[in-house]
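# What the coordinates show
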Amino acid sequence: MRRRAAEFRRPVRRRYSNVILWFFTVCGFLVLLLLALLRQTNQSASSAPAIIQRYYRSNKFTGGLNVTEEMLSLRSIARQLNDQISLAKAFVVIAKESNNLQFAWELSAQIRNSQLLLSDSATRGSPLTEAESNAVIHDMAFLLYQAQQLHYDTATMIVRLKAKILSLEEQAGSLKEKTSKYGQIAAEEVPKSLYCLGVRLTLEWFRNTNPQVKGIAGSQIQEKLKDNNLFHFCVFSDNILATSVVINSMALNSKDPNQVVFHLVTDEINFVPMKAWFSTDRFRGVTIEVQKFEDFSWLNASYVPVLKQLRDSDTQTYYFSGSNDDGKTPIKYRNPKYLSMLNHLRFYIPDIFPKLEKVVFLDDDVVVQKDLSPLFTVDLNGNVNGAVETCTETFHRYHKYLNYSHPLIRAHFDPDACGWAFGMNVFDLVEWRKKNVTGIYHYWQEKNIDRTLWKLGTLPPGLLTFYGLTEPLDPRWHVLGLGYTNVDPELIKNGAVLHFNGNSKPWLKIGMEKYKPMWDKYVDYSHPMLQRCNFH
């Protein structure tokens, strides 16, 4: 039978396909709607505050894994990995020291792998299992074994470190010796500006014929120089600027400068420049006397052991040549200043000032911060020397200055006796003359002609000379160390006299920068003479 044409067929069967199509369209719409809702929910969750998320993760982590218990457990894999990491880090350092950079890189990479494994365990909140950690532990163990084969074990490490320490100590010793040598040379040099000042002042002095400018002392001033009711200070120096700072700081900080008398003693070369400099300024009424030690008739080789030693050829070779012991003696022991009479005049103060009864001795590298007149009323209890003791943790006792292997030293002096400092000393000249202290100094100086009792400076003979004759003063009177070390700011603030002892003098380029302003403020850098000589 022939089929009907398509347009004449009955549409009854197509009704089911339309229904199905409509059904799937509705389902698709519902699925899309559901996906949109889920996406919105996820966005809300992700936009929650970070602190809430961290709190949730923290609770989840601590609830699943107790890190403390895990690390304390003897069977803990995490503990084993941490131990391997610690050891590997030490071997990395040794490998780099041995220039084995490839092996150091391999160890570092394996350390990172172990750390990642530990991080994953902490993140998921469950302990590590043998299955997941076995490979990492095995690889790290193999590298640690290799390190031992390369002699990166503890014993080898100790030997290498000892060798390294010895090498560094030798280098440090060499550098320290060079620093000391060059520092000593720099400290001994006279700055060009200071030399210039001396020359210009000398020319100025001889050009000027005015007696008042030349400071010719009248009878009134002569009387003040020996008046024991005044406050007498003495300085022995060849440094014009340093001496000027001492006097200027004293004048500015004294309650009554008119009661202060300064006695300056210098050498013949610096006598005229000193006279010229101190005649141009009245220093607030301070009386100033300038002398040269070459004028002291009693100062001769028959009376003074140091002058006698200067004539000795061995002494001259030791101090000025230094070629007789192949450089074994440190350069600081060879400084010729230790044979300078200006350095030894402190032992002849009663001879220099026969009319005076009490004097305060000052070094030229000090700054006066407070009124020093109360020093003249300090009771020395029958002693000759009033000084600040230095037997603290920073300074030394007698055994640090003297040779106690010598029988004379060992028999007469306690090695633990407290040392003291020159630089600011109160001397009772009446007791000095009564006890013949200068004679004691001569005795010990004669005994040390071969330099076997002490080697350096005037402090050791001072310790011997004034042994049992020194009265301790309040430490605030004399603060030391500003020329070589750090000093407590509180001590500096309360100190009456600041002492720049050491090589780093404030007028030198090697002076300690943080302490220079304390000295500079007493220098008038606007003075025409200082400007011509480039002081700054």
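What you are looking at is a predicted structure, and each value in this text was computed from that prediction instead of being measured.

Helices and strands together make up the secondary structure of the protein chain, namely 22 helices and 10 strands. Taking all 536 residues of the protein chain together, 41% fall into the buried category. A separation threshold of at least 6 residues defines the contact pool for the protein chain, and within that pool the share at least 24 residues apart is 74%.

Turning our eyes to something else, we now look at empty space enclosed by the protein. On inspection of all chains with the given rule, the structure shows two cavities of 30 Å³ or more. Along the walls of the second largest cavity sit Pro191, Leu194, Asn239, Leu241, Trp507 and Phe535, which together make up its complete lining.

The contact between helix α4 (residues 77–97) and helix α6 (residues 130–149) brings their axes to 10 Å, and the two run at 25°. It follows that α4 is roughly parallel to α6 by the angle criterion. Here α4 and α6 pass one another in a crossing that is left-handed. Between α4, through Ile77, Gln80, Leu81, Gln84, Leu87, Ala88 and Phe91, and α6, the contact on the second element is made entirely by Glu130, Ser133, Val136, Ile137, Met140, Ala141, Leu144 and Ala147. Class assignment for the residues of the contact of α4 with α6 results in 11 nonpolar, three polar and one charged.

Core analysis: the biggest nonpolar cluster contains 57 residues, and Leu197, Phe233, Phe262, Trp277, Leu362 and Leu372 have the highest contact counts within it. Looking at this core element by element, the count peaks at seven residues for helix α10 (residues 240–253). With sequence-adjacent residues up to four places away left out, Phe233 is seen in contact with Met250, Val260, Val261, Phe262, His263, Val360, Leu362, Leu372 and Phe376. Met341, Tyr398, Ala417 and Trp420 belong to the second largest nonpolar core, which has 44 residues in total.

The mixed open sheet is built from three strands, whose spatial order is β5-β10-β9. Both edges of this open sheet fall to β5 (366–368) and β9 (478–479), since each of them pairs with a single strand only. Note: β5 against strand β10 (residues 497–499), three bridges, orientation antiparallel. Each residue of the ladder has a partner; that of Val367, found in β10, is Leu498.

Moving on to the pairing of strand β7 (residues 424–428). For β7, the tally of buried residues reaches five of five residues, placing the bulk of the element in the interior. Where strand β4 (residues 358–362) lies against β7, five bridges are found, and the strand directions are antiparallel. Across the sheet, Leu362 pairs through a bridge with Met424, a residue of β7. Here two bridges tie strand β6 (residues 385–387) to β7, and the two strands are oriented antiparallel to one another.

Once that is clear, we can look at the packing of helix α5 (residues 101–124) against α6. How two helices sit against one another is set out by the angle between their axes and by the gap between those axes. In contact at an axis separation of 10 Å, α5 and α6 are set at 155° when each is read in the N-to-C sense. In terms of orientation, α5 lies roughly antiparallel with respect to α6. The two elements α5 and α6 meet at a crossing, and its hand is left-handed. When α5 is examined against α6, the residues Phe103, Glu106, Leu107, Gln110, Ile111, Asn113, Ser114, Leu117 and Arg124 are found in contact with a partner set consisting of Glu132, Ser133, Val136, Asp139, Met140, Leu143, Gln146 and Ala147. Classifying every residue of the contact of α5 with α6 by side-chain character gives eight nonpolar, five polar and four charged.

Looking at where Asn425 falls in the secondary structure, it is placed in strand β7. We classify Asn425 as buried; its relative accessible area is 0%. A distance of 3.3 Å separates polar atoms of two side chains, one belonging to Asn425 and the other to Asn385. Engagement of the side chain of Asn425 in a polar contact is seen with the backbone oxygen of Ala421, the distance being 3.2 Å. Here Asn425 is in contact with Val359, Val360, Phe361, Asn385, Gly386, Ala387 and Trp420, once residues within four sequence places are set aside.

Here we come to the environment of Val384. Here Val384 shows up in the loop between β5 and β6. Through-space distance from the C-alpha of Val384 to that of Val426 is 8.0 Å; in sequence the pair is 42 residues apart. With near-sequence residues (within four places) excluded, Val384 lies in contact with Val426, Phe427, Asp428, Glu431, Trp432, Lys435, Val437, Phe466 and Leu469.

Once that is clear, we can look at the state of the cysteines. This structure, assessed with the given rule, holds two disulfides. Through a disulfide, Cys196 is tied to Cys533; the S-S separation comes to 2.2 Å. As the torsion about the S-S bond is roughly -70°, the Cys196-Cys533 disulfide counts as left-handed. Taken together, the residues Cys196 in helix α8 (residues 192–207) and Cys533 in the segment after α22 (528–532) connect sequence positions 337 residues apart. Considered together, Cys196 and Cys533 belong to a single accessibility category, that of buried residues. The side chain of Cys391 participates in a disulfide bridge whose partner is Cys418; the two sulfur atoms lie 1.8 Å from each other. Linking Cys391 and Cys418, the disulfide has an S-S dihedral of approximately -85° and is accordingly described as left-handed. Taken together, the positions of Cys391 in the loop between β6 and α16 (407–412) and Cys418 in the loop between α16 and β7 put the pair 27 residues apart, joining distant regions of the chain. You can call Cys391 partly exposed: its relative accessible area is 22%.

What counts, and where the lines are drawn
Residues numbered from 1 in each chain as written. Predicted model: local features only at pLDDT ≥ 70, side-chain atom pairs only at ≥ 80, totals over all residues. Heavy atoms only, no water. Helix = DSSP H or I, 4+ residues; strand = E, 2+ residues; numbered from the N terminus. Buried < 20%, exposed > 50% of the residue type's maximum accessible area, 1.4 Å probe, protein only. Contact = heavy atoms within 4.5 Å. 1 Å grid on protein atoms, 1.4 Å probe; cavity = no way out; pocket = protein on both sides within 12 Å on 5 of 7 lines; lining within 4 Å. Points joined across faces, edges and corners; volume = space filled by probe spheres on them. Axes fitted to C-alpha atoms, helices over the stretch in contact; angles between N-to-C directions. Parallel < 35°, antiparallel > 145°, perpendicular 65-115°, else oblique. Left-handed = near helix turned anticlockwise from the far one by under 90°. Nonpolar A, V, L, I, M, F, W, Y, C, P; charged D, E, K, R; others polar. Core = buried A, V, L, I, M, F, W, Y, C linked by side-chain atoms within 4.5 Å. Pairing = 2+ DSSP bridges. Polar contact = N/O pair within 3.5 Å; in protein donor to acceptor, adjacent residues only side chain to side chain. Disulfide = S-S within 2.5 Å.

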